[in-house]
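Residue-level structural notes
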Amino acid sequence: MTADLITLTAAQMAEKLAAGEITSVELTQAHLDRIAAVDGAVHAFLHVNAEEALAVAAEVDAARAAGESMHRLAGVPIAIKDLIVTVGQPTTAGSRILEGWMSPYDATVVEKIRAAKLPILGKTNLDEFAMGSSTEHSAFGDTHNPWDLDRIPGGSGGGSAAAVAAFEAPLALGTDTGGSIRQPAAVTGTVGVKPTYGGVSRYGAIAMASSLDQIGPVARTVEDAALLHELIGGHDPRDSTSLADPVAAFAAAASAAAVDGSVEGLRIGVVTELQGEGYQAGVLDRFHESLDLLREAGAEIVEVSCPHFQYALGAYYLIMPSEVSSNLAKFDGVRYGLRTLPTEGPMTIERVMAATRAAGFGDEAKRRIILGTYALSAGYYDAYYGSAQKVRTLVQRDFDAAFEQADILISPTAPTTAFRLGEKTDDPLAMYLNDVATIPANLAGVPGLSLPSGLATEDGLPAGIQLLAPAREDERLYRAGAALERLLVRRWGGPLLEKAPDLLSARDDASLTTTGGEK
Ligand code: GLN
C-alpha cells in the first residue's frame, strides 16, 4: 500500500484525494514511513517535521469531509530546500553559521504552500548557501544519489532532488542560481524547472547571488512541476524584482501536451556550444536519441550558435561571487545564529565577527567571499566585475538571436551523469564545469526545464535534457517538456524512475525489475 501511494504522481495523488479514495493523513504518513525507511541511507532531509505535516493533513481531511473547496494540491506533501525560510522549522542554508537559527517569518512561497495546505514534510539538504554541484559542501553531511548511494545527487539542491527520486516526497522546492535545480534533476532522473527570473518571489530565499537566484519546482513529471510552479508563482510586492505578470495555466498546458503533445512544426534549436567536448558519450547518445524522437514527431530541428556561451561560466564565476560577498556580509555573529568568541586578545566587535565567520563558513563559502571581494575591489572592479557584466549582455543577445530562429533551445542539462562522492571535492574547477550548460539561462533570466532523457549506457545512470524558452514563456517549456516526456516514456515503456535499482529495492513492491547501475 505504501509503495502504491508514494509512487503516484502528485497529480494522481491530488485526484485520489479529491475523489475521497485516500486521505491526506494516509498519504503523508506513507511518505513519513518512507523517509524513516530510506533517509538513513539517502540523507535528503536535514529536518523532518512529522507532527506539523500530519496536523496539516488532518486539517485537509476534515475540510474536505466538510465539503470545503480546496486548492488542487491540498493534502499532497512537499519538501523544502533548507535555503528557504520557514517559521517553526529550522533554516540552516547548509551552514554552521545558521545552526540553531529560527526564521521569524515565512518565505512567500512557503506562505502560499501553507495557504494551499500542502503538508510540509521537512527541509532538505544543500551545499552551503547553495554553492556547489554535489551537496558535498553541506556542513551537515552528504546526500546520496538514490540510483547509486556512492554517487552525488547533484547540487546545490541535491536533497530536494534525492527526496523526490527516492519517493520520500512527490514534490519539492529548489533554488537555481547557476543550475541547482536542473543539474540535480538531471543526475537523479527527476524533473526540475528554473522559472523566468522574477516569475516566482525570492522573498525568504536566503540570497546567494540575487540577480541570478530563482526558486522553482522539483518533481517526477513535467505536469507535477507545472502544478507546483502555478502555486508558487506570481507577483509579490515584497520582492522588488518580481514580475507583474499573472501566472499562466502551466499545468493545463502540460497535461494537454502529456495526452497528445504535438510538436509538429515546433522549431527546436540545438545549441552548438552546449554539446561536444567535455560531454560524456552516454549523455550525448541520449540527447541525440531525444532529438530523433522529436524529429520523427514532426519537430523541426535547427542548429543555432550562441558564440558567447563559452564565456558564460567565466562571467558567472565573477558576478556570482561578487554578489555572494555582499549578501553573506550580514552573517556577522551579531544578527543571526552562531557567535564565536576569539580565544585570545581583545574582545572587539570586529574580532567577534572574524572569529564567527572563520568558524561558521565552510571552505567553498570562504573561497567565493574572497573571490567576490577581490573582484569588486577598487582598481579591479572594471577589469573583472565590469567585464563580466558585459559578457552577460552578450549572452543575453545570443539568446535573443537564437530565439529568432527557434521556439525552444535544447541541450544536455549536465555534461555527465552522477559522479562518485569525493571525486571532485578537491578540484573546484572540475566542480564548476557541471553547470556549463545551465548557467547561460541564469545570466539571461530565461526559464529552463530539465527532464530525464534516459540512462547512459556506460554507467546505467540517468542523463538529463534541458529545454530553454524566452523570458516569460515558461508555458511553452511545459508544453514542449510534456510532449518530449511523453515520447520518452513511451520509448522506455514506463517512467524512468521505475528502472532505478537502489531506490526500488527499498520498496515493498518487488514486481519491478531493475536495470543498469553497475557499481
Ligand atoms: N553549482 C553552481 C554553483 O556552485 C550553481 C549553484 C546554484 O544554482 N545555487 O554556483
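For the structure, see preceding data.
First, a word on scope: everything that follows refers to the structure included in this document. (Residues numbered from 1 in each chain as written. Predicted model: local features only at pLDDT ≥ 70, side-chain atom pairs only at ≥ 80, totals over all residues. Heavy atoms only, no water.)

1. Details of the pattern of salt bridges
Taken as a whole and assessed by the stated rule, the structure comprises 22 salt bridges. Across the salt bridge formed by R472 and D245, the nearest N and O atoms sit 2.7 Å from each other. Residue R472 is found in the loop between strand 11 (462-468) and helix 17 (474-492), and its partner D245 is found in the loop between helix 8 (222-232) and helix 9 (250-260); the two are separated by 227 residues along the sequence. When the shortest N-O distance is used, the salt bridge between D292 and R295 registers 3.0 Å. Of this pair, D292 and R295 both sit in helix 10 (residues 281-296), three residues apart, which is roughly one turn of the helix. The exposure class of D292 is partly exposed, given its relative accessible area of 37%. Among the ionic contacts, a cluster of salt bridges with common partners joins E52, D106 and R114. (Salt bridge = Lys/Arg side-chain N within 4 Å of Asp/Glu carboxyl O. Helix = DSSP H or I, 4+ residues; strand = E, 2+ residues; numbered from the N terminus. Buried < 20%, exposed > 50% of the residue type's maximum accessible area, 1.4 Å probe, protein only.)

2. Let's talk about helix 13 (residues 363-376)
Quick reminder: α-helices carry 3.6 residues per turn. Residues three or four places apart thus point the same way. For helix 13, spanning 14 residues, the distance from its first C-alpha to its last is 20 Å, which sits close to the expected 20 Å at 1.5 Å a residue. Buried residues along helix 13 sit against helix 11 (312-327), helix 12 (349-360), helix 14 (382-405) and helix 15 (428-432). (Expected span 1.5 Å × (residues − 1). Contact = heavy atoms within 4.5 Å.)

3. Quick look at the site of the ligand
Around the ligand lies a shell of 15 residues, among which T177, G178, S180, Y316 and D435 are the nearest. At 2.6 Å, a side-chain N or O of S180 approaches an oxygen atom of the ligand. Within the side chain of Y317, one N or O atom sits 3.4 Å away from an oxygen atom of the ligand. When its residues are assigned to classes, the shell around the ligand shows five nonpolar, seven polar and three charged. (Near = heavy atom within 4 Å. Polar contact = N/O pair within 3.5 Å; in protein donor to acceptor, adjacent residues only side chain to side chain. Nonpolar A, V, L, I, M, F, W, Y, C, P; charged D, E, K, R; others polar.)

4. What to know about the packing of aromatic side chains
Inspection of every chain in the model, using the stated rule, returns 14 aromatic pairs. Both rings, one in F309 and one in F399, keep their centres 4.9 Å apart while their planes meet at 50 degrees; by these two values the pair is tilted. Taken as a pair, F309 in the loop between strand 8 (300-304) and helix 11 and F399 in helix 14 lie far apart in primary sequence, 90 residues in all. A residue is classified by how much of its surface remains accessible, and F309, at 3% relative accessible area, is buried. Take F399: its relative accessible area is 1%, and that puts it in the buried class. Pairing Y374 with Y384 gives two aromatic rings, centres 5.8 Å apart and planes at 45 degrees, and the pair type is tilted. A residue pair is termed long-range when its members are at least 10 positions apart, and Y374 in helix 13 and Y384 in helix 14 qualify at ten residues. The exposure class assigned to Y384 is partly exposed, which follows from its relative accessible area of 30%. Grouped by ring-pair contacts, the aromatic residues W101, F129, F331, Y336 and F361 constitute a single cluster. (Phe/Tyr/Trp six-rings, centres within 6.5 Å; stacked < 30°, edge-to-face > 60°.)

5. Focus on the pairing of strand 3 (residues 120-124)
Here strand 3 lies mainly inside the structure; five of its five residues are buried. Bridging between strand 1 (residues 45-48) and strand 3 involves three bridges; their strand directions are antiparallel. Each residue of the ladder has a partner; that of V48, found in strand 3, is G122. Judged from the four bridges that link them, strand 2 (residues 78-81) and strand 3 form a sheet pairing that is parallel. Counted as the bridge partner of I80 is K123 from strand 3. Regarding topology, helix 5 (residues 108-115) serves as the crossover connection from strand 2 to the parallel strand 3, and that connection is right-handed. (Pairing = 2+ DSSP bridges. Right-handed = clockwise from strand over helix to strand, strands pointing away.)

6. What about the packing of helix 10 against helix 17?
Contact geometry of helix 10 with helix 17 gives a least axis separation of 10 Å together with a crossing angle of 110 degrees. Taken together, the axis directions place helix 10 and helix 17 in an arrangement best described as roughly perpendicular. Facing E289, S290, L293 and L294 of helix 10, the residues of helix 17 in contact are L484, L487, L488 and R491. Looking at the contact of helix 10 with helix 17 residue by residue, the classes come out as five nonpolar, one polar and two charged. (Axes fitted to C-alpha atoms, helices over the stretch in contact; angles between N-to-C directions. Parallel < 35°, antiparallel > 145°, perpendicular 65-115°, else oblique.)

7. Here's the deal with the pairing of strand 9 (residues 408-412)
Looking along a regular strand, one sees side chains alternate from face to face of the sheet. The buried fraction of strand 9 amounts to five of the five residues, a majority that puts the element mostly inside the structure. Looking at chain direction, strand 7 (residues 267-271) and strand 9 are connected through three bridges and run parallel. Its bridge partner being in strand 9, G269 is matched across the sheet by L409. Here strand 9 runs beside strand 11; their pairing, made up of four bridges, is antiparallel. Note that in strand 11 the partner of S411 across the bridge is Q466.

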